[in-house]
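Chain by chain, the residues run as shown.
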Amino acid sequence: MTNVMEAKNVKLKYGSFEALHGISLAFPAQKLTALIGPSGCGKSTFLRCLNRMNDDIDDINITGEILLEGKDIYHSHIDLVALRKKVGMVFQQPTPFPFSVFDNVAYGLRIAGVKDKDLIEQRVEESLKQAAIWNETKDSLQRNALAFSGGQQQRICIARALAIRPEVVLLDEPTSALDPISSSEIEETLMALKQKYTFIMVTHNLQQASRVSDQVAFLMNGELIESGSTQEMFLSPKKEMTNNYLNGRFG
Ligand SMILES: Nc1ncnc2c1ncn2[C@@H]1O[C@H](COP(=O)(O)OP(=O)(O)OP(=O)(O)O)[C@@H](O)[C@H]1O
């Protein structure tokens with residue numbers, strides 16, 4: 001199985017506080033990896049390392065390597081704009097920009113300098129279809145994205161992330177702000193898209209992790225306790241701590 005990304009001994013300090021103690025984890029292509037663990041264990045911190053979203057935080061220190069297609073994304077020659085084209089992100093709260101659906105989805109392409117109107121139109125349509133929001137938006141592409149429901153906004157954000165054809169999509173609790181129906185629509189969308197993209201998702205929802213992921217990584221206190229296939233992790237975890245967490249004994 002090919003790994004699209006691989007973290008090697010990633011340590012991160014906020015000032016003198018070490019939030020990640022040396023995480024090593026590989027992300028197989030066209031699979032969904034779920035990062036799980038109790039609140040404050042470092043899931044979001046680790047996820048944000050994967051497209052260098054932490055870079056702007058004052059007094060942060062990151063060591064180790066994160067390889068994307070074999071190259072360290074923390075190497076000084078890496079172009080951040082190019083990196084974020086390859087590694088897109090969807091956040092917990094839907095974050096459409098306050099302009100039309102069309103302009104939201106076209107945003108990344110325009111930033112990347114794409115001028116061909118036909119190509120942009122084609123990509124917008126394709127991406128909205130992939131994110132399963134085309135039927136609800138096709139007659140109102142010029143409507144402000146903020147006028148849609150939370151679940152629809154989140155699918156517009158997924159379409160926006162997909163429009164630039166990333167290798168990897170990072171998702172930070174993408175359904176936790178949504179109602180159950182919208183959440184299950186997003187889950188179905190992710191399952192359908194796994195053939196094309198590699199997803200890495202932070203989730204608090206263990207049932208969600210068991211439904212949609214192929215690989216699970218369990219973090220606690222900034223350490224990777226255990227990772228493995230979803231089936232193995234849920235049915236026969238190797239570590240007692242993982243078993244206790246998955247069985248609701250703490251969290
Ligand atoms: N910008 C920051 N400055 C200092 N400490 C931070 C910062 N961001 C996170 N932390 C600390 O790092 C640790 C890990 O936080 P992080 O948000 O990554 O955890 P998490 O597992 O995603 O939590 P949750 O599930 O509650 O979102 C916590 O102790 C948190 O307080």
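Below is a summary of the structure that appears in this document. (Residues numbered from 1 in each chain as written. Predicted model: local features only at pLDDT ≥ 70, side-chain atom pairs only at ≥ 80, totals over all residues.)

## What about unusual backbone geometry?
With phi around 55 degrees, Ala132 is a residue other than glycine that occupies positive phi space. Along the chain, Ala132 turns up in the loop between helix H4 (117–130) and helix H5 (134–137). On the neighbour-count criterion, Ala132 (18 C-beta atoms within 10 Å) is partly exposed. For Asn221, which is not a glycine, the phi torsion comes out positive at approximately 45 degrees. Along the polypeptide, Asn221 turns up in the loop between strand S9 (215–220) and strand S10 (223–229). Residue Asn221 is classed as partly exposed on the basis of its C-beta count, with 13 C-beta atoms lying within 10 Å. (Helix = DSSP H or I, 4+ residues; strand = E, 2+ residues; numbered from the N terminus. Buried ≥ 20, exposed ≤ 12 C-beta atoms within 10 Å, placed from the backbone.)

## Regarding the site of the ligand
The ligand sits among Tyr14, Phe17, Ala19, Gly37, Ser39, Gly40, Cys41, Gly42, Lys43, Ser44, Thr45 and Ile57. Listing elements by their share of the shell around the ligand, those giving two or more residues are strand S2 (17–28) and helix H1 (43–49). With 3 residues, H1 is the single largest residue contributor to the shell around the ligand. Taken together, the residues that form the shell around the ligand break down as 5 nonpolar, 6 polar and 1 charged. (Near = placed C-beta within 6 Å. Nonpolar A, V, L, I, M, F, W, Y, C, P; charged D, E, K, R; others polar.)

## Observations concerning the nonpolar core
Leu35, Ala159, Leu170 and Ile200 are the most contacted members of the largest nonpolar core, which has 63 residues in total. Setting aside residues no more than four positions away along its own chain, Ala159 makes contact with Val105, Ser127, Leu128, Gln130, Ala131 and Ile133. (Core = buried A, V, L, I, M, F, W, Y, C linked by C-beta atoms within 7 Å. Contact = placed C-beta atoms within 7 Å.)

## Focus: the sheet that holds strand S4 (residues 60–68)
Reading across the sheet, the 4 strands line up as S2-S1-S4-S5 and stay open at both edges, with antiparallel pairing between neighbours. At either margin of the open sheet sits one strand with a lone partner, and together these are S2 and strand S5 (71–72). Relative to S4, strand S1 (residues 3–14) is paired through 8 bridges, and the arrangement is antiparallel. Each bridged residue has a counterpart across the sheet, and for Met5 the counterpart in S4 is Leu68. (Pairing = 2+ DSSP bridges.)

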